Amino acid sequence: MDLANAYRKRKWVRSRLAGPAEIILGLPPGCSLTVIDIPADSDLLFNFRHVLFYTEGLRMQSRIQKIKTAWITREWVRMRFAGPGRVGVFASGDLASVELNPEVPLYAESGALVAYPERADVRLSVYGNTLASQHMNVQWQLTGRGPALIQVGSPDPGLAGQLHGDGWFKRLLREVLPFGSVYIK
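Residues take numbers from 1 onward in each chain, read along the sequence in its written order. With the structure being a predicted model, the display of local features is reserved for residues of pLDDT at least 70 and the display and counting of side-chain atom pairs for 80 or more, all residues being used for whole-chain, interface and lining totals. For side-chain calculations, the full set of non-hydrogen atoms in the structure is used, while hydrogens and water are omitted.

Going by an unreviewed UniProt entry, the protein carries the name AIM24 family protein and comes from Cohnella rhizosphaerae.

Visitor: Provide a residue-level description of the environment of L17, including the pertinent values.
Guide: Strands here mean DSSP runs of E at least two residues long; helices mean DSSP runs of H or I at least four residues long; both are numbered from the N terminus. With respect to the element layout, L17 can be found in the loop between helix 1 (3-9) and strand 1 (31-38). Exposure categories follow from relative accessible area, calculated using a 1.4 Å probe and restricted to protein chains: below 20% of the type maximum is buried, above 50% is exposed, and the middle band is partly exposed. Overall, L17 belongs to the exposed group, its relative accessible area being 63%. Separated by 39 residues in the primary sequence, L17 and E56 place their C-alpha atoms 9.9 Å from one another.

Visitor: Quick one: what's the story with the pattern of salt bridges, residue by residue and with numbers?
Guide: Any carboxyl oxygen of Asp or Glu that lies within 4 Å of a side-chain nitrogen of Lys or Arg is treated as forming a salt bridge with it. Under the definition given, this model contains five salt bridges. Ionic pairing is found between R119 and D43, a salt bridge with its closest N-O pair at 3.3 Å. Of this pair, R119 sits in the loop between strand 9 (113-117) and strand 10 (121-125) while D43 sits in the loop between strand 1 and strand 2 (44-46), placing them 76 residues apart in sequence. For R119, a relative accessible area of 69% translates into the label exposed. Taking relative accessible area as the criterion, D43 reaches 10% and is therefore assigned buried. It is possible to trace a salt-bridge network through shared partners that takes in R63, R80 and E118.

Set out below in structure tokens:
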């Protein structure tokens, strides 16, 4: 790999498959691989950690992020692919394509956003009232036109433990009683 790609992927070697071939890929539980068709006029900016492969013929361009976006995400560079071609995206959970709207914002958890249009307006947001916002996760607020790719259904070990470790009565008390989740462990 060239130096820039080696730094992003933290690997020095890139495999190239050519000709008629089959590949079997084992994924961890709860993860998925989605192949996305990239048209010639695509302006999606990908988090490169999610890109598993891309076909020959795609041009990969580094796009430096705005300072406020880079400061929040700790990502200075996102990748833009110019097609036509295909990109294999690795995600924790399933991958959903959501069409953005210029007036109605889409809220996505910061770790769940895989790709978004370059022309989209991306802002940091926390939903809820002032007290709740101190304990909420950081969300992206996206407006604009084009698709956004979001990881959905990522596994939460805490939730799985609650659902499988407790009886229905304990779960009911947690939900019904005020501050039940604080007092009932």
